[in-house]
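For reference, the chains in residue letters:
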Amino acid sequence: MNVLEIRELSVDYQSGSGAVHAVSDVSLDLRRGEILGLAGESGSGKSTLANAVARLLRPPAAITSGSVVYHRRDGEPVDVLGLGRGELRAFRWKELAVVFQSAMNALNPVSTIGDQIDDVLRIHAPRMSRKERVERTVELLRRVGIGADRRRGYPHELSGGMRQRAAIAIALALNPEIIIMDEPTTALDVVVQREILHEIRTLREEYGFAVVFITHDLSLLMEISDRIAIMYAGRVVETGSAKALHKAPSHPYTLGLLRSFPRLHGPREELLGIPGTPPDLRSPPPGCAFHPRCRFAMDACSLRRPELVPGAEGQVACLLNDDKGVRQ
């Protein structure tokens, strides 16, 4: 069962030289309790999509079309984009929480970790007593591997990994159904990354929340995700299970991302990067936005933009895989 349904969502950034189409007609489903990975190069629209879903966009960004529907375990579906200010305040933290990129910047530098968790509980769970809030704070920190004595510590007194764990603890404060994690392991070393990933999986199994995990590192998503959506130039170009995408990617862009990092096991092979740079979203190229960088591009790729259609193991937007007889 889906906990979140995104349909044909589009987001533009208005500028003096015209609109930047940061997200274009994105449709995604998030199943209850799953980890959905969202991958792509910088500028592909991943964070903009997440901020649109959480209603965190600020001018000049604006949602121009589409819908976001949240399904409670018991109750009527919620039109997230139609929520008023008070309804949105109640929706955040209790139903959906966000772990922002770079915990040092996301946490308040002049407030202790304990006070920042207490703020969420005090505002969104007003019936909790001071004692109950302290107990809940200690329990949350314990669940993410932080000792109770760190409750009185400030962000600058914690290591990068501990700050990220603290940010996750804050997101868990009210047991939300959905947690959006935007590059939660960026700038962390490999050992700490693995610890954070293990913590996320363990917490997901214990609490049953769904996760949207955003990163440019596809190898990371292969390890933690149930399903993966690949974004390029503001659009979803491929979706599928992590296993299927790793074994047999259908889109050349996905293949390029996979071949951009070395394998830990097996024979040595040449790394194949993706040539060129992402397109200018103010005036993307005609047809498939990836065709100027694609080594499999055909003449038709510059004329017709492929739609996202069912593929062998998921969905793919590529003329090499469409149903019109284009030869692979």
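This is a predicted model, so every value here is computed, not measured.

## Quick notes on empty space enclosed by the protein
Then, number 1: By the definition in use, this model includes four cavities of 30 Å³ or more.
Then, number 2: Here the largest cavity is characterised by a volume of approximately 110 Å³.
Then, number 3: Taken together, Leu4, Ile6, Leu28, Asp29, Leu30, Leu36, Leu38, Leu49, Ala50, Val53, Ile180 and Val212 form the lining of the largest cavity.
Then, number 4: When residues of the lining of the largest cavity are traced back to their parent elements, those giving at least two are β1 (2-15), β2 (18-31), β3 (35-39) and α1 (46-53).
Then, number 5: Residue classes in the lining of the largest cavity are distributed as eleven nonpolar, no polar and one charged.
Then, number 6: Here the second largest cavity is characterised by a volume of approximately 80 Å³.
Then, number 7: In the lining of the second largest cavity, the residues fall into eleven nonpolar, two polar and no charged.

## Let's talk about helix α4 (residues 113-124)
The periodicity of an α-helix, 3.6 residues per turn, causes residues three or four places apart in sequence to face the same way.
Then, number 1: Helix length check: α4, at twelve residues, gives a terminal C-alpha distance of 17 Å against a target of 16 Å (1.5 Å per residue), a fit within 8%.
Then, number 2: If you check which residues of α4 are buried, you get Ile113, Gly114, Gln116, Ile117, Asp118, Val120, Leu121 and His124.
Then, number 3: On its buried face, α4 sits against α2 (85-91), α5 (130-143) and α6 (160-171).

## A word on unusual backbone geometry
Then, number 1: Going from Pro59 to Pro60, the amide bond is cis rather than trans, its omega being 15 degrees.
Then, number 2: In this structure, Pro60 sits in the loop between α1 and β4 (61-70).
Then, number 3: The residue Asn175 is not glycine, and still its phi comes out positive at about 50 degrees.
Then, number 4: Relative to the helices and strands, Asn175 is located in the loop between α6 and β7 (178-182).
Then, number 5: Of note in the backbone geometry, Glu183 takes a positive phi value of approximately 50 degrees without being a glycine.
Then, number 6: Within the secondary structure layout, Glu183 lies in the loop between β7 and α7 (190-207).
Then, number 7: Given the relative accessible area of 10%, Glu183 is considered buried.

## Focus on the sheet that holds strand β9 (residues 227-232)
Then, number 1: A sheet is described by the order of its strands in space; here eight strands give the open sequence β6-β7-β8-β3-β9-β10-β12-β11, paired in mixed fashion. Of all strands in the sheet, those bounded by a partner on one side alone are β6 (96-99) and β11 (309-310).
Then, number 2: With six bridges connecting them, β9 and strand β10 (residues 235-241) associate as antiparallel partners. For Ile230, the partnering residue across the bridge sits in β10 and is Glu238.
Then, number 3: Against the sheet, α7 engages β3, β7 and β8 (210-215), with an angle of about 145 degrees to β3.

## Re the nonpolar core
Then, number 1: If you look at the biggest cluster of nonpolar residues, it comprises 57 residues, and the most contacted ones within it are Ile168, Phe213, Leu218 and Ile230.
Then, number 2: Looking at which element gives the most residues to this core, the answer is α6, with seven residues.
Then, number 3: Listed in part, the 34 residues of the second largest apolar core include Leu9, Val53, Ala61 and Tyr70.

## A short note on the pattern of salt bridges
Then, number 1: Overall, the coordinates contain 19 salt bridges when judged by the stated rule.
Then, number 2: The residue Asp118 makes a salt bridge to Arg122 at a minimum N-O spacing of 4.0 Å. Remark: Arg122 and Asp118 occur in helix α4; sequence separation between them is four residues, near one turn of the helix.
Then, number 3: The shortest N-O distance in the salt bridge between Arg305 and Glu307 comes to 3.9 Å.
Then, number 4: Judged by its relative accessible area of 39%, Arg305 is partly exposed.
Then, number 5: One salt-bridge network, held together by shared partners, links Asp118, Asp119, Arg122, Arg130 and Arg133.

## A word on the packing of α6 against α7
Then, number 1: Across the interface, α6 lies against α7 with an axial gap of 10 Å and an inter-helix angle of 20 degrees. Relative to α7, the element α6 is oriented roughly parallel. Crossing angle aside, the handedness with which α6 passes α7 is right-handed. On α7, the residues touching Gly161, Gln164, Arg165 and Ile168 of α6 are Val192, Glu195, Ile196, Glu199, Ile200 and Leu203.
Then, number 2: Residue classes in the contact of α6 with α7 are distributed as five nonpolar, two polar and three charged.

## Comments concerning the side chain of Thr239
Then, number 1: Tracing the backbone through its elements, the reader meets Thr239 in strand β10.
Then, number 2: Exposure remark for Thr239: the relative accessible area of 9% places this residue in the buried category.
Then, number 3: Contact partners of Thr239, with chain neighbours within four places excluded, come to Leu28, Ile228, Ala229, Leu245, Gly314 and Gln315.

## Focus on the sheet that holds β4
Then, number 1: Taken in spatial order, the four strands make up an open sheet running β2-β1-β4-β5, and their pairing is antiparallel. The strands lining the two open edges of the sheet, one partner per strand, are β2 and β5 (78-79).
Then, number 2: Judged from the ten bridges that link them, β1 and β2 form a sheet pairing that is antiparallel. Across the sheet, Glu5 pairs through a bridge with Asp29, a residue of β2.
Then, number 3: Against the sheet, α1 engages β1, β2 and β4, with an angle of about 115 degrees to β1.

Calculation notes
Residues numbered from 1 in each chain as written. Predicted model: local features only at pLDDT ≥ 70, side-chain atom pairs only at ≥ 80, totals over all residues. Heavy atoms only, no water. 1 Å grid on protein atoms, 1.4 Å probe; cavity = no way out; pocket = protein on both sides within 12 Å on 5 of 7 lines; lining within 4 Å. Points joined across faces, edges and corners; volume = space filled by probe spheres on them. Helix = DSSP H or I, 4+ residues; strand = E, 2+ residues; numbered from the N terminus. Nonpolar A, V, L, I, M, F, W, Y, C, P; charged D, E, K, R; others polar. Expected span 1.5 Å × (residues − 1). Buried < 20%, exposed > 50% of the residue type's maximum accessible area, 1.4 Å probe, protein only. Contact = heavy atoms within 4.5 Å. Pairing = 2+ DSSP bridges. Axes fitted to C-alpha atoms, helices over the stretch in contact; angles between N-to-C directions. Core = buried A, V, L, I, M, F, W, Y, C linked by side-chain atoms within 4.5 Å. Salt bridge = Lys/Arg side-chain N within 4 Å of Asp/Glu carboxyl O. Parallel < 35°, antiparallel > 145°, perpendicular 65-115°, else oblique. Left-handed = near helix turned anticlockwise from the far one by under 90°.

The quantities given are spatial measurements derived from coordinates; they are silent on function.
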